[in-house]
Amino acid sequence: MKKINVTVWDETIGELGPYPNGIYQAIADFLAECGQFGKIRTANQPQPEHGLTEEVLNDTDVLVYWAHCYHATVEDAIVERIHRRVLNGMGLLVLHSGHASKIFSKLVGTDTHILGWREDGEVERVWKIERNHPITAGLPDYFDIPQSEMYGEPFGIPAPDELLFISWHQGGEVIRSGCTFKRGNGKIFYFAPGHETFPIYYMPEIQQVIINAAKWAAPLGDTPIKTMHVTESPEALRTKK
């Protein structure tokens with residue numbers, strides 16, 4: 001069976017906090033160390049075409065996407081490119097503030113910018129909702145993140161296909177922190193924990209979630225991602241006789 005090729009992307013602009021080589025490299029490192037994947041690439045926003053060329057995406061089974069606050073500067077042409085690949089079958093993992101990214105908003109819909117927010121470094125308790133899902137495999141019923149940024153409801157996303165994790169914050173807020181969506185042939189997983197000023201991506205539980213999610217989101221078996229070029233809007237295709 002073909003091994004899963006993963007590309008890890010982040011904006012790498014501004015404060016890196018506890019990640020001297022960038023969040024994208026920290027994630028790529030533990031994905032590589034687990035030995036369960038094929039090619040592990042990294043890409044970042046300052047690169048030409050944001051590092052997400054046609055060649056790179058055509059060789060990517062799962063794209064891991066971390067972003068914080070530079071969503072507006074991501075080129076629309078690259079968003080369209082990612083969007084097409086997801087609809088064709090590429091998996092997408094959207095992390096933390098990626099909920100406000102152009103690509104997540106385009107794929108999921110509604111106002112994904114809406115949520116409660118407080119950057120206070122308090123405890124976040126992540127509760128596992130589904131015990132028998134591949135993304136929750138090997139995880140305890142809950143685990144604590146010692147310091148985290150608070151994200152809370154209301155969260156402006158549509159009802160997810162599957163709700164896998166709910167987070168409780170020390171101030172009493174809760175949020176749907178682990179959700180799956182299916183769009184076209186592609187599978188999408190959103191996971192909220194992962195603020196850049198706290199060493200959250202070094203936690204074994206967080207790493208296990210991302211490893212599990214990358215395996216879950218990949219196209220099944222040896223089936224390649226179907227190449228499909230959509231030249232008309234979905235509305236036009238629906239009404240076309």
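Just so it is clear, the model here is predicted, and its values are computed rather than measured.

Re the overall build of the protein
What the protein contains, in helices and strands, is 6 helices and 9 strands. A compact globule built from 241 residues should have a C-alpha radius of gyration of about 18 Å, and the protein, at 17 Å, falls within 12% of that. In terms of overall dimensions, the protein has a C-alpha envelope of 55 × 40 × 40 Å along the principal axes. The proportion of buried residues among the 241 residues of the protein is 50%. Across the protein, the fraction of contacts at a sequence separation of at least 24, relative to all contacts at a separation of at least 6, is 70%. Within the structure as shown, the protein displays about 10,900 Å² of accessible surface, and the carbon and sulfur contribution to it stands at 54%.

Notes on the confidence of the model for the protein
Predicted coordinates in areas of low pLDDT are best not read in detail. With 90% of its residues at a pLDDT of 70 or more, the protein has an overall mean of 90. For the stretch residues 228–241, pLDDT sits under 50, and the model shows 7 contacts to residues farther than four places along the chain or on other chains.

Examining the pairing of strand β9 (residues 186–191)
Here β9 lies mainly inside the structure; 6 of its 6 residues are buried. With 4 bridges connecting them, strand β4 (residues 91–95) and β9 associate as parallel partners. Directly across from Leu93, in β9, lies its bridge partner Phe189. The pairing of strand β8 (residues 174–183) with β9 spans 6 bridges and is antiparallel. Residue pairing in the sheet places Arg183 in a bridge with Gly186 of β9. Linking β8 back to β9 in an antiparallel pair, the connection comprises 2 residues, with Gly184 at a positive phi of about 60°.

Examining the packing of aromatic side chains
Applying the stated rule across the entire model yields 9 aromatic pairs. Their ring planes at 55° and their centres at 5.6 Å tell us that Phe155 and Tyr190 sit as a pair that is tilted. With a gap of 35 residues between them, Phe155 in the loop between β6 (142–152) and β7 (162–169) and Tyr190 in strand β9 connect regions that are remote in the sequence. The class of Phe155 is buried, set by a relative accessible area of 4%. Its relative accessible area of 1% is what places Tyr190 among the buried residues. Taken together, the aromatic side chains of Phe104, Phe155, Phe181 and Tyr190 make up a single cluster linked through ring pairs. Taking NZ or CZ as reference, Lys187 lies 5.0 Å from the ring centre of Trp216, over its face.

Regarding the packing of helix α1 (residues 23–33) against helix α5 (residues 204–217)
Closest axis-to-axis distance for the α1/α5 pair is 10 Å, and the angle between their directions is 70°. Regarding the angle of α1 to α5, the classification is roughly perpendicular. On α5, the residues that touch Ile27, Phe30 and Leu31 of α1 are Gln207, Ile210 and Ile211. Of the residues contributing to the contact of α1 with α5, the split by class is 5 nonpolar, 1 polar and no charged.

Side note on the nonpolar core
Counting 39 residues, the largest nonpolar core has Ile27, Leu31, Phe165, Phe189, Tyr201, Ile206 and Ile210 as the members making the most contacts within it. For this core, the secondary structure elements donating two or more residues are β1 (6–10), α1, β3 (62–66), β4, β6, β7, β9 and α5. Here this core gets 8 residues from one element, more than from any other, and that element is α5. Among residues more than four places away in sequence, those in contact with Ile27 are Val8, Val64, Leu95, Tyr201 and Ile210. Counting 29 residues, the second largest nonpolar core, distinct from the first, contains Val79, Val86, Met90 and Ala192.

Thoughts on a nonpolar patch on the surface
Together, Trp127, Ile129, Tyr142, Trp168 and Val174 make up a nonpolar patch on the protein surface, roughly 440 Å² of accessible area in all. Relative to the helices and strands, Trp168 is located in strand β7.

Reading the values: the criteria
- Residues numbered from 1 in each chain as written.
- Predicted model: local features only at pLDDT ≥ 70, side-chain atom pairs only at ≥ 80, totals over all residues.
- Heavy atoms only, no water.
- Helix = DSSP H or I, 4+ residues; strand = E, 2+ residues; numbered from the N terminus.
- Rg over C-alpha atoms; globule rule 2.2 N^0.38 Å.
- Buried < 20%, exposed > 50% of the residue type's maximum accessible area, 1.4 Å probe, protein only.
- Contact = heavy atoms within 4.5 Å.
- Areas by Shrake-Rupley, 256 points an atom, 1.4 Å probe, with all protein chains shown as cover.
- pLDDT = per-residue confidence, 0-100.
- Pairing = 2+ DSSP bridges.
- Phe/Tyr/Trp six-rings, centres within 6.5 Å; stacked < 30°, edge-to-face > 60°.
- Lys NZ or Arg CZ within 6 Å of the ring centre and 35° of its normal.
- Axes fitted to C-alpha atoms, helices over the stretch in contact; angles between N-to-C directions.
- Parallel < 35°, antiparallel > 145°, perpendicular 65-115°, else oblique.
- Nonpolar A, V, L, I, M, F, W, Y, C, P; charged D, E, K, R; others polar.
- Core = buried A, V, L, I, M, F, W, Y, C linked by side-chain atoms within 4.5 Å.
- Patch = residues over 30% accessible without salt bridge, like charges linked within 9 Å, V, L, I, M, F, W, Y side chains within 5 Å.
- Salt bridge = Lys/Arg side-chain N within 4 Å of Asp/Glu carboxyl O.

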